[in-house]
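Now for the letters of each chain:
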Amino acid sequence: MRIAKYAAVIVAAGALALTACASGSPNGGGGDSAPEPAKEVSFDEGTTMAKLHDAGKITIGTKFDQPLFGLMNPTTNKPEGFDVEIGKLVAAELGLSEDQIEWKEAVSANREPFIEKGEVDIVVATYTINDERKKVISFAGPYYLAGQDLLVLEGNPDGIKGIDDVKGKKVCSVTGSTSEKNLQEAGVDVLATDTYSNCLEPLRSGEVVAVSTDNVILAGLADQNQGEFEVIDNPFTEEPYGIGLKKDDVDFQNFINDTLEKSFKDGAWAKAWEKTAGKVLSTPEPPTIER
């Protein structure tokens, strides 16, 4: 299912296994060319940029099980998704081709250790910028703003437009999740279960009026069950996703921020979105970089 394109919206990311899309790619992003490496680059000696360019290689940590953002394609044995495309944009500005990227699986628990120990040069993995993480690493970005949304039956028979329309009604989410807490704080009656896929039958049967978590998880559920569900596309929380890098590497941080801002302006960011998450979700506006 393709979610209708409305005005620019903020959408979100989460984990859920998807079936392969018609293009043969798990993310629907295969077959398009990678960004062309910058042909003329010049970096100050001793900077991270110079070291990576001269080495002819960058190691990027990303998710391998994150549909639409970072999901391993078993055919190509390479990850695909929006985060992956963002990593390619950074590499290209360093003068590096896609073949000069080493992808390393980064799960939530190992992202900071990977950066601190130098096992990766950057992490692009639905990585929320927050003050606690800033104590041990630095962030560039954000390159994306995530938010919690609602999944309803196809055609939206209850006419739900947003979180206010489900207050006092029953909505399914996962036990112990931030999504569950947000719903409870909003005055929603929560049916809690162990996985989001287990929320689908209560929605089908009418036991709940919606399922709620990050948009990408919901979009994945809709995509897997085409014709049954749709995402409201009206998020009610916000969190910024950034690119993690070594603490206080200001030159590299500024370089990545400049790269992101360039991609916002020249359309490369939007192209990366349309190639991946844009197969399912509407196109958001680029966020404002934190300087």
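Here the structure is a predicted model, which is why all the values come from computation and not from measurement. (Residues numbered from 1 in each chain as written. Predicted model: local features only at pLDDT ≥ 70, side-chain atom pairs only at ≥ 80, totals over all residues. Heavy atoms only, no water.)

1. Let's talk about the sheet that holds strand β10 (residues 189-193)
Logical step 1: Across the sheet, five strands lie side by side as β10-β9-β11-β8-β12; this open sheet has mixed pairing. Edge strands, defined here as strands with exactly one partner in the open sheet, are β10 and β12 (229-231). Mean inter-strand twist for the sheet, computed between neighbouring axes without regard to direction, equals 30°.
Logical step 2: Here helix α7 (residues 215-224) sits on the sheet and contacts β8 (148-153), β11 (210-214) and β12; the angle it forms with β11, its principal contact strand, is near 130°. (Pairing = 2+ DSSP bridges. Helix = DSSP H or I, 4+ residues; strand = E, 2+ residues; numbered from the N terminus. Axes fitted to C-alpha atoms, helices over the stretch in contact; angles between N-to-C directions. Contact = heavy atoms within 4.5 Å.)

2. Topic: the state of the cysteines
Logical step 1: Counted under the stated rule, the structure contains one disulfide.
Logical step 2: Two residues share a disulfide in this structure: Cys-172 and Cys-199, whose sulfurs sit 2.0 Å from each other. Between Cys-172 and Cys-199 the sulfur-sulfur dihedral comes to about -75°; the bridge is accordingly left-handed. One end of the pair, Cys-172, is in strand β9 (residues 170-174); the other, Cys-199, is in the loop between β10 and α6 (200-205), with 27 residues separating them in the sequence. Here Cys-172 matches Cys-199 in class, with each residue buried. (Disulfide = S-S within 2.5 Å. Buried < 20%, exposed > 50% of the residue type's maximum accessible area, 1.4 Å probe, protein only.)

3. Quick notes on the side chain of Glu-85
Logical step 1: By the element assignment, Glu-85 lies in helix α2 (residues 82-93).
Logical step 2: Judged by its relative accessible area of 6%, Glu-85 falls in the buried class.
Logical step 3: Side-chain polar atoms of Glu-85 contact the side chain of Lys-275, separated by 3.2 Å.
Logical step 4: Non-local contacts of Glu-85, meaning those with residues more than four positions away in its chain, are made with Pro-35, Ala-272, Lys-275 and Thr-276. (Polar contact = N/O pair within 3.5 Å; in protein donor to acceptor, adjacent residues only side chain to side chain.)

4. Brief notes about helix α9 (residues 268-275)
Logical step 1: Looking only at α9, the buried set comprises Trp-269, Ala-272, Trp-273 and Lys-275. On an axial view of α9, the arc spanned by its buried residues comes to 165°, and they lie on one face.
Logical step 2: Structurally, α9 contributes buried residues whose contacts are with α2, β7 (137-146) and α8 (250-266). (Arc of directions from axis to C-beta.)

5. Description of the packing of aromatic side chains
Logical step 1: Under the defined criterion, the tally for this structure stands at 14 aromatic pairs.
Logical step 2: Taking the centre distance of 6.2 Å and the plane angle of 85° together, the rings of Phe-69 and Trp-273 count as edge-to-face. Here the residue Phe-69 occupies a position in the loop between β2 (65-66) and β3 (70-73), and Trp-273 occupies one in helix α9, the gap between them amounting to 204 residues.
Logical step 3: Taking relative accessible area as the criterion, Phe-69 reaches 0% and is therefore assigned buried.
Logical step 4: Judged by relative accessible area, which is 0%, Trp-273 ranks as buried.
Logical step 5: Here a set of aromatic residues connected by ring pairs shows up, and it is made of Phe-69, Phe-82, Tyr-143, Tyr-144, Tyr-241, Phe-264, Trp-269 and Trp-273.
Logical step 6: Between the NZ or CZ atom of Lys-104 and the centre of the ring of Phe-114, over which it lies, the distance is 5.3 Å. (Phe/Tyr/Trp six-rings, centres within 6.5 Å; stacked < 30°, edge-to-face > 60°. Lys NZ or Arg CZ within 6 Å of the ring centre and 35° of its normal.)

6. Looking at the confidence of the model for the chain
Logical step 1: For the chain, per-residue confidence averages 86 on the pLDDT scale, and residues scoring 70 or more make up 88% of the total.
Logical step 2: Contacts for the low-pLDDT stretch residues 1-31, under 50 throughout, to residues beyond four places or in other chains number 123 contacts. (pLDDT = per-residue confidence, 0-100.)

7. Here's the deal with the packing of helix α1 (residues 48-55) against α8
Logical step 1: Contact geometry of α1 with α8 gives a least axis separation of 8 Å together with a crossing angle of 75°. When the interaxial angle is binned, α1 and α8 end up roughly perpendicular. In contact with Thr-48, Met-49 and Leu-52 of α1, α8 contributes Asp-251, Phe-252 and Phe-255.
Logical step 2: Looking at the contact of α1 with α8 residue by residue, the classes come out as four nonpolar, one polar and one charged. (Parallel < 35°, antiparallel > 145°, perpendicular 65-115°, else oblique. Nonpolar A, V, L, I, M, F, W, Y, C, P; charged D, E, K, R; others polar.)

8. Re the pattern of salt bridges
Logical step 1: Under the definition given, this model contains 15 salt bridges.
Logical step 2: With a closest N to O distance of 2.7 Å, Asp-258 and Arg-291 form a salt bridge. Of this pair, Asp-258 sits in helix α8 while Arg-291 sits in the segment after α9; the two residues are 33 residues apart in sequence, bridging distant segments of the chain.
Logical step 3: A relative accessible area of 44% means that Asp-258 is categorised as partly exposed.
Logical step 4: Exposure remark for Arg-291: the relative accessible area of 58% places this residue in the exposed category.
Logical step 5: Each of Glu-85, Lys-88, Glu-98 and Lys-275 takes part in a single network of salt bridges with overlapping partners. (Salt bridge = Lys/Arg side-chain N within 4 Å of Asp/Glu carboxyl O.)

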